[in-house]
Amino acid sequence: MDAESFIPYVGKIIDIRQETSDVKTFRVVGLDGKKLFEHIPGQCAMLIVPGVGESMISITSSPTMEDAMEFSIKRCGHVTDWLHSCEVGQQICLRGPIGNGFPVRSPEFLHKDILVIAGGIGIAPVHSVVNYMLDHREDYGRIQVIYGSRSKQDLVRLEEMQNVWMKQPNVEIDLTIDRPQDDWDGHVGFVPPYVTEVNPDPSMTVIMCGPPILIHLSLDALKKLGFKDTQVFTTMEMRMKCGIGKCGRCNIGNKFVCKDGPVFSFDKLGELTPEY
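Quick caveat: nothing in here was measured; it's all calculated off a predicted structure.

Per the stated rule, a full pass over the model turns up 14 salt bridges. Measuring nitrogen to oxygen at the nearest pair gives 3.8 Å for the salt bridge that ties glutamate 19 to arginine 157. Of this pair, glutamate 19 sits in strand E1 (residues 9-20) while arginine 157 is found in the loop between strand E8 (143-149) and helix H3 (158-163), placing the two residues 138 residues apart along the sequence. For arginine 27, the salt bridge goes to glutamate 70, with nearest N and O atoms at 2.6 Å. Of the two residues, arginine 27 is situated in strand E2 (residues 23-30) and glutamate 70 in strand E5 (residues 69-74); the sequence distance between them amounts to 43 residues. On the basis of relative accessible area, arginine 27 is assigned to the partly exposed category, the value being 25%. Overlapping salt bridges bring together Asp15, Arg17, Glu19, Arg27, Glu70, Arg157 and Glu160 as one network.

Take a look at the structure:
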């Protein structure tokens, strides 16, 4: 782990966007107006609010965003409640980058067709990967995204998906919501059965993020379609606590999620004790 991962930076929120009723995206820069640090898609940062607490959050923006970093954050606790109540100009502390990222420059990704499966706020970590691949389009093949949430109003970054991602060449976005609603004419149903229905090519490299039940059932669906564990990657950032391998809260067998992850391929996860 880089020494910089231990050092808190002081940042400033320069933009806040309401994504859903309980998700906001925060754009952050350093006090000098520049990007705080570089990262790899899938890495995290510890957001620190003195006197309130700290929380491990995925870096939602791609490394190709040169002037700032973004975090799409769901309101679900003391720190996130505080962040959702703050305004543009608020200073916060950040520590990072933390963990490994998706191996986007590895043979498993370069020049391969990529399948992204996400549910709810699980789109936040993989959002960075998709935008990175779109900004390096010549290095990747077809990109297919299967993303679902409870309702249309709970689809995070929906406007960007419809107005940017869907308009890119050789990109397919398959959206679904759990139950029918009047203002939705797209697919209705849960993500795992939708994966089976979409029937993606089993030669694709897969990244997944979402609730544990979505990941387990989607992996079962992929295996039935012919995918192998070595092709499928996920992030376990929700297990991370201190981020520096000291508290032991993210220990699984002989691994620490914060030091050995949070990104793992499923063949590597299969070597761990089955508690994850």
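Now that the structure is up, let's keep going.
Here we come to the nonpolar core. Ranked by internal contacts, the top residues of the largest apolar core, which has 32 residues, are Phe102, Val126, Val145, Tyr147 and Ile207. Looking at this core, the elements that each hand over two or more residues are strand E7 (114-119), helix H2 (123-135), E8, H3, strand E9 (171-177) and strand E11 (205-209). Among the elements that line this core, the one with the most residues is H2, at seven residues. In contact with valine 126, other than residues within four places in its own chain, are Phe102, Val116, Ala118, Ile207 and Cys209. Membership of the second largest hydrophobic core comes to 22 residues, among which are Leu115, Ile117, Val191 and Val206.

Cut-offs applied
- Residues numbered from 1 in each chain as written.
- Predicted model: local features only at pLDDT ≥ 70, side-chain atom pairs only at ≥ 80, totals over all residues.
- Heavy atoms only, no water.
- Salt bridge = Lys/Arg side-chain N within 4 Å of Asp/Glu carboxyl O.
- Helix = DSSP H or I, 4+ residues; strand = E, 2+ residues; numbered from the N terminus.
- Buried < 20%, exposed > 50% of the residue type's maximum accessible area, 1.4 Å probe, protein only.
- Core = buried A, V, L, I, M, F, W, Y, C linked by side-chain atoms within 4.5 Å.
- Contact = heavy atoms within 4.5 Å.

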